[in-house]
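Residue-level structure breakdown
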Amino acid sequence: MRRWPRIAAWCVAALAGAGAAAGSAVVYFGWYDVSATGPHTMPVYALLDVASTRSVKLRSADIKVPDLDSPQRIRRGDALYRAHCAQCHGGPGQAPESYALGLNPPPPPLVTSARERPAAEVFWIIRQGIKMTGMPAWQYRMTDEQIWDVVGYLRVLPTLSAQQYRDAAPPGDPASGGASSASIAPTEAQPSGVRAGDRRMGDTGVGEMGVGNMPAGDMGAGGMRAGGMRAGDMRLGDAKAGRDALQQYLCVTCHAIPGVPGARHYVGPSLDGMADRSRIAGVVPNSPDSMQQWLLDPQRIKPGTAMPALGLREQDARDIAAFLQTLSNVE
């Protein structure tokens, strides 16, 4: 009987050694993909999320929270949020700037922070930052009083509609109606000078119709379409490419998407079973073409929606629409 504990100990040690060797090999030979276009695996993402949550909770436990409800504090926090936070985290109906869309892990929408985290934890995160996320330590750029102003404003942010957030913006702020760099990003299939928001539902600019649906008169010599785009440049939606593109437009920060790692604090509805729904946002019939138009310019289709225009390229919108058509629960 004495041999069994010894054998068990050797087995555990051997398994641990083999696991360490395998992990070292993955790192040493470069097998783990560190590109920003490839998300973490689900286990790695879950591990990092738990580690971050527990670390913040431990280190913020002794922080004393001041009064956060004064109108003056909230007004100051509003100005600070728009100046320093909205560029990466966006706001109700406002997309982040284009340089924030490709961050990995993606910056979450902060409308959920006050719902999910105590004020002391939010203060600690803003002040100290989070390693390897792009979130800086704002203690070197703002005073503690200013950070508390932002925390106070974040308690109000979830109560604002897209229109209220827009109405409170000062002149020149992207949310006031001026376009951010994300909302005016040129799409690969739009004519020069045309923005996504300048088109109406049903308008067909260059590249909005598949090659098979193109009127013959739109084709020129050499297979060129109007705007200089070759017919061969147009392709049908690719579901796999769409799954990858979801990561680059922060879709996973607002929506739970089956099989796609992302934040666990969601603003929008789950996209599970999206292909089975009859309508998109309760407004337009659910079809790949309608989904593409919705992704390109949701505010035009449903004014006042919290879904912002993210400056998608038309091919990316077509690919994402194709991927969403695979999310069916119907056998």
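Relevant structure appears above.
Computed from a prediction, not measured in an experiment: that's the story for all the values here.

Right, let's get into helix α12 (residues 288–296). Counting buried positions over the 9 residues of α12 gives 7, a clear majority of the element. Among the residues making up α12, those that are buried are S290, M291, Q292, Q293, W294, L295 and L296. Tucked into the core, α12 has its buried residues touching β1 (279–280), β2 (284–285), α13 (298–301) and α14 (314–324).

Interaxial distance between helix α2 (residues 42–59) and helix α7 (residues 119–128) falls to 9 Å at its minimum, and their mutual angle equals 105°. One finds that α2 runs roughly perpendicular with respect to α7. For the pair α2 and α7, contact is made by V56, K57 and R59 and by E121, W124 and I125, respectively. Of the residues that constitute the contact of α2 with α7, the class distribution is 3 nonpolar, no polar and 3 charged.

Glancing now at the packing of α12 against α14. Where α12 meets α14, the closest approach of the two axes is 8 Å, and the angle between their N-to-C directions is 130°. Considering the angle they form, α12 stands oblique to α14. By crossing handedness, the relation of α12 to α14 is classed as right-handed. Residues P288, M291, Q292, L295 and L296 of α12 pack against E314, A317, R318, I320, A321 and L324 of α14. Taken together, the residues of the contact of α12 with α14 sort by class into 8 nonpolar, 1 polar and 2 charged.

Moving on to unusual backbone geometry. N104 connects to P105 through a cis peptide bond whose omega is 10°. Structurally, P105 can be placed in the loop between α5 (98–101) and α6 (113–116). Positive phi, normally seen in glycine, also occurs at M132, with a value near 60°. Along the chain, the position of M132 falls in the loop between α7 and α8 (144–154). In this structure, L250 is a non-glycine residue whose phi angle is positive, near 65°. By the secondary structure assignment, L250 is in the loop between α10 (239–248) and α11 (251–254). Since its relative accessible area comes to 6%, L250 is described here as buried.

A few words now on a nonpolar patch on the surface. There is a patch of nonpolar side chains on the surface, built from V26, Y28, F29, W31, Y32 and V34 and spanning about 750 Å² of accessible area. Along the chain, Y32 turns up in the loop between α1 (3–28) and α2.

With the rule as written, the count across this model stands at 11 salt bridges. Residue R127 is joined to D144 by a salt bridge in which the shortest nitrogen-to-oxygen separation is 2.8 Å. In this pair, R127 is assigned in helix α7 and D144 in helix α8, connecting sequence segments 17 residues apart. On the basis of relative accessibility, which here comes to 23%, the residue R127 falls in the partly exposed class. On the basis of relative accessibility, which here comes to 34%, the residue D144 falls in the partly exposed class. For the salt bridge of D316 with R313, the shortest nitrogen-to-oxygen distance reads 2.8 Å. Classification of R313 by relative accessible area gives partly exposed; the value is 38%. Residues joined in a network through salt bridges with shared partners are R73, R76, E145 and D149.

Conventions used here
Residues numbered from 1 in each chain as written. Predicted model: local features only at pLDDT ≥ 70, side-chain atom pairs only at ≥ 80, totals over all residues. Heavy atoms only, no water. Buried < 20%, exposed > 50% of the residue type's maximum accessible area, 1.4 Å probe, protein only. Helix = DSSP H or I, 4+ residues; strand = E, 2+ residues; numbered from the N terminus. Contact = heavy atoms within 4.5 Å. Axes fitted to C-alpha atoms, helices over the stretch in contact; angles between N-to-C directions. Parallel < 35°, antiparallel > 145°, perpendicular 65-115°, else oblique. Nonpolar A, V, L, I, M, F, W, Y, C, P; charged D, E, K, R; others polar. Left-handed = near helix turned anticlockwise from the far one by under 90°. Patch = residues over 30% accessible without salt bridge, like charges linked within 9 Å, V, L, I, M, F, W, Y side chains within 5 Å. Areas by Shrake-Rupley, 256 points an atom, 1.4 Å probe, with all protein chains shown as cover. Salt bridge = Lys/Arg side-chain N within 4 Å of Asp/Glu carboxyl O.

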